[in-house]
Amino acid sequence: MYVLGIESSCDECAASIVKDGKTVLSNVIATQIELHKPWQGVVPEIASRLHTRWIRSVVEEALTEADIDKKDIDGIAVTNRPGLVGSLLVGLSFAKGLAWSLDVPFAGVDHIRAHLYAPHLENDIAYPYLGLLVSGGHSVIAVVKGFDDIQVLGTTIDDACGEAFDKIAKHYELGYPGGLAIDRLAQKGDPRAFRFPSPNLHKGDHQYDVSYSGLKTAVINQLDQFINPGYEPTKENIAASFQKRAVDILVKKVKKAVTDTGIKRVVAGGGVTANSYMRSSLAAIRDVECYYPSLEYCTDNAAMIAGIGYHYLKEGAVSGWDENARARVPSFKRGYP
Ligand code: KG4
Ligand code: ZN
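Residues numbered from 1 in each chain as written. Chains lettered and ligands numbered in written order. Predicted model: local features only at pLDDT ≥ 70, side-chain atom pairs only at ≥ 80, totals over all residues. Heavy atoms only, no water.

**Examining the packing of aromatic side chains**
Within this structure, the stated rule accounts for seven aromatic pairs. Centre to centre, the rings of F165 and F242 are 4.8 Å apart; their planes meet at 70°, and the pair counts as edge-to-face. Here F242 lies in helix α8 (residues 235-261) and F165 lies in helix α5 (residues 161-171), a separation of 77 residues in the sequence. Assessed through its relative accessible area of 2%, F165 is described here as buried. Pairwise contacts between aromatic rings join W100, F106 and W321 into one cluster. (Phe/Tyr/Trp six-rings, centres within 6.5 Å; stacked < 30°, edge-to-face > 60°. Helix = DSSP H or I, 4+ residues; strand = E, 2+ residues; numbered from the N terminus. Buried < 20%, exposed > 50% of the residue type's maximum accessible area, 1.4 Å probe, protein only.)

**Remarks on the coordination of the zinc ion (ligand 2)**
Under perfect tetrahedral coordination by four donors, a metal shows angles of 109.5 degrees; under perfect octahedral coordination by six donors, it shows angles of 90 or 180 degrees. Here the zinc ion (ligand 2) is held by the protein donor atoms H111 (NE2), H115 (NE2) and D300 (OD), which lie 2.0 Å from it. All donors to the zinc ion (ligand 2) come from one chain, and their sequence spacing reads H-x3-H-x184-D. Residue H111 is found in helix α4 (residues 111-117), and its partner D300 is found in the loop between α10 (295-298) and α11 (303-314); the two are separated by 189 residues along the sequence. A single burial state applies to H111 and to D300, both of which are buried. (Donors = N, O, S within 2.8 Å, 3.2 Å for Na, K, Ca; no water.)

**Topic: helix α6 (residues 178-186)**
For α6, the complete set of buried residues consists of G178, A181, I182, D183, L185 and A186. Those residues of α6 that are buried lie in contact with α5, α8 and α9 (276-283). (Contact = heavy atoms within 4.5 Å.)

**A look at the sheet that holds strand β6 (residues 129-134)**
With mixed pairing, the five strands of this open sheet are ordered in space as β8-β7-β6-β9-β10. The outermost strands of the open sheet, each flanked by one partner alone, are β8 (149-155) and β10 (289-291). Shown here is a sheet whose adjacent strand axes are inclined to one another by a mean of 25°, direction ignored. Note: strand β7 (residues 139-146) against β8, six bridges, orientation antiparallel. When the sheet's bridge partners are listed, A142 is paired in β8 with V152. (Pairing = 2+ DSSP bridges. Axes fitted to C-alpha atoms, helices over the stretch in contact; angles between N-to-C directions.)

**Some words on the domain arrangement of the protein chain**
A common measure of how large an interface is: the accessible area buried when the components associate. According to the domain assignment, the protein chain contains domain 1 (2-116 + 299-314) and domain 2 (126-292). In this complex, domain 1 contributes 17 residues to the contact, which on the side of domain 2 involves 17 residues. For the pairing of domain 1 and domain 2, the buried interface totals around 1500 Å² over both sides, and the portion due to carbon and sulfur atoms is 69%. Counting across the interface, domain 1 meets domain 2 through one salt bridge. Put simply, D148 and R113 hold a salt bridge, and the shortest N to O gap is 2.6 Å. If you list the elements that add at least two residues to the side of domain 1 that touches domain 2, you get α1 (33-36), α4 and α11. When residues in the side of domain 1 that touches domain 2 are grouped by element, the largest group, four residues, is from α4. (Domains from an automatic or database assignment. Buried area = accessible area lost by both parts, 1.4 Å probe. Salt bridge = Lys/Arg side-chain N within 4 Å of Asp/Glu carboxyl O.)

**Describing the packing of α5 against α8**
At their nearest, the axes of α5 and α8 sit 11 Å apart, and the two run at 170° to each other. One finds that α5 runs roughly antiparallel with respect to α8. On the side of α5, the interface is formed by C161, A164, F165 and I168, while α8 contributes F242, Q243, A246 and L250. Broken down by class, the residue content of the contact of α5 with α8 amounts to seven nonpolar, one polar and no charged. (Parallel < 35°, antiparallel > 145°, perpendicular 65-115°, else oblique. Nonpolar A, V, L, I, M, F, W, Y, C, P; charged D, E, K, R; others polar.)

**A closer look at the site of ligand 1**
As a structural note, the neighbourhood of ligand 1 is formed by 19 residues, with H115, G136, D166, D183 and G271 the closest of them. The contact in question runs from an oxygen atom of ligand 1 to an N or O atom on the backbone of G162, over 3.1 Å. In this structure, D166 approaches ligand 1 through a side-chain N or O atom, which is 2.6 Å from an oxygen atom. Notes on ligand 1: free accessible area 550 Å², of which the protein chains cover 86%. (Near = heavy atom within 4 Å. Polar contact = N/O pair within 3.5 Å; in protein donor to acceptor, adjacent residues only side chain to side chain. Areas by Shrake-Rupley, 256 points an atom, 1.4 Å probe, with all protein chains shown as cover.)

See below:
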């Protein structure tokens, strides 16, 4: 079954052909990074207008690269939530029009669930597992029992992890996009330079939750208070110390979840899993099978959309013509082991 995936929830205009939810035949990503750089952040109006201009050629390129004709497509999967509504609408409307003209079904896909599906493109992963989703908008630790069965253990109570990377990078003019810039600078810095605070969330309902607003404030507004004697407040040292703290906060909770649930399989996805220290920290968790995507599938892409979409389409969970774009989605079901 050939599924065309379309992703336009933020600043990447992407299309992909995936066979049977697994074999990626093409993965085309037209990034708008350079066009948003002057603002050091994604400008929604510019993003949606660029998607409108680019989407047709991106889809055509995905078909050409996969060496198939549009008539060979068996179904279309498209991100319809969460994200920037104007941007989502471009992909969704294009998907509907194409589905109508080809007389094939289409499925609206949740971007967050798709990020967690990304490692499945490259690995055969058994359920259940502990899912760690870390992106610009989400930081979630969950028990995942099926591609659509996610029970959240913990989440951020304020800022997302990626958001903290982006805001700190913007404040100190470290580069754009922020996460990658900090990752690069951190390689030349010393993580022992600053002793940044860790959130105090250990008990009851919050035992798996994380927080990034306190850490972000400490790095941006209270830098002098946290420097260790003998170190310079260089950009490299700020980046290395912040990155270590930001990643350790999540990895500590993942380790706790492994111990508490007895689930010894961890699957990570989302833009922040591109982070080199995050990847090495996850890989170093002892006695745990750990999966994270190749770099091209960490950040926004349409292969993960086509991949998870295959399962929806196969199960007949198709969308109707009244399917809409949604900026936010209701929180995942919460529960404890
Ligand atoms: O998954 P994604 O592309 O988009 C969302 O769904 O949000 O994630 C984007 C986030 C941004 O906050 C970006 O700064 C972060 O992922 N990111 C990174 C790295 N690459 C991207 N954060 C840390 N280190 C990286 N190498
Ligand atoms: Zn994303």
